Amino acid sequence: MGRNGVLDNSIELRYLGLVRLSGSIAGASSWDGLARAIGEALETIGGAGPVRLWCTTPDGFAELARDPVDADFPVVAQHELRGR
């Protein structure tokens, strides 16, 4: 496969990932479902890995959901989430 074939394949995978994401988001009825939809879309384009969603609260940042639920994420300090 030539260079253009690899590029075409990469573009197609990204497109399929976006299509899958848009369809999955529409069906998500919870934060856990949204995290799962994002993870599945990333898997389509070869970027599979755990997903963690955050929200901003009056006290700082809080985790909304993760997929998979038992994924091991490092603890992140509040000042690092703010971008300093």
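Model, not experiment: these values are computed from the prediction.

K.L.:
What am I meant to see in the overall build of the chain here?
P.N.:
Of regular secondary structure, the chain possesses three helices and two strands. In the chain, the order of α-helices and β-strands from amino to carboxyl end is α-α-β-β-α. For the chain, contacts bridging at least 24 residues in sequence account for 26% of all contacts bridging at least 6. Surface summary for the chain: the accessible area is close to 6,200 Å², and the carbon and sulfur share equals 55%.

K.L.:
I tried to follow the nonpolar core on my own but got confused; where do I start?
P.N.:
General note: in soluble globular proteins, nonpolar side chains tend to be found buried as a group. Ranked by size, the top nonpolar core spans five residues in total: Leu34, Ala35, Val51, Leu53 and Ala65. Those elements that place two or more of their residues in this core are α2 (31–44) and β1 (51–57). What alanine 65 contacts, discounting residues up to four positions off in sequence, is Trp31, Asp32, Ala35, Val51, Arg52 and Leu53.

K.L.:
How do you make sense of the pairing of β1 when you look at a structure like this?
P.N.:
Summarising the sheet, β1 and strand β2 (residues 60–67) pair through seven bridges and their orientation is antiparallel. When the bridges of β2 are listed, cysteine 55 appears paired with alanine 62. Remark: two residues form the turn of the hairpin made by β1 and β2, two consecutive strands paired antiparallel.

K.L.:
Whenever I open this one, a nonpolar patch on the surface confuses me. Can you help?
P.N.:
Among the surface-exposed residues, Leu13, Tyr15, Leu16, Val19, Leu42 and Ile45 lie close enough to one another that they form a single nonpolar patch of about 480 Å² accessible area. The dominant element in the nonpolar patch, judged by the number of residues it contributes, is helix α1 (residues 3–27), at four residues. Along the polypeptide, leucine 13 turns up in helix α1.

K.L.:
I tried to follow the environment of glutamine 78 on my own but got confused; where do I start?
P.N.:
Residue placement: glutamine 78 occurs in helix α3 (residues 78–81). Using a relative accessible area of 28% as the deciding quantity, one classes glutamine 78 as partly exposed. Expressed as a C-alpha distance, the spacing of glutamine 78 and phenylalanine 61, which sit 17 residues apart in the sequence, is 6.7 Å. When sequence neighbours within four positions are dropped, the list of residues in contact with glutamine 78 reads Asp59, Gly60 and Phe61.

How each quantity is defined
Residues numbered from 1 in each chain as written. Predicted model: local features only at pLDDT ≥ 70, side-chain atom pairs only at ≥ 80, totals over all residues. Heavy atoms only, no water. Helix = DSSP H or I, 4+ residues; strand = E, 2+ residues; numbered from the N terminus. Contact = heavy atoms within 4.5 Å. Areas by Shrake-Rupley, 256 points an atom, 1.4 Å probe, with all protein chains shown as cover. Core = buried A, V, L, I, M, F, W, Y, C linked by side-chain atoms within 4.5 Å. Buried < 20%, exposed > 50% of the residue type's maximum accessible area, 1.4 Å probe, protein only. Pairing = 2+ DSSP bridges. Patch = residues over 30% accessible without salt bridge, like charges linked within 9 Å, V, L, I, M, F, W, Y side chains within 5 Å. Salt bridge = Lys/Arg side-chain N within 4 Å of Asp/Glu carboxyl O.

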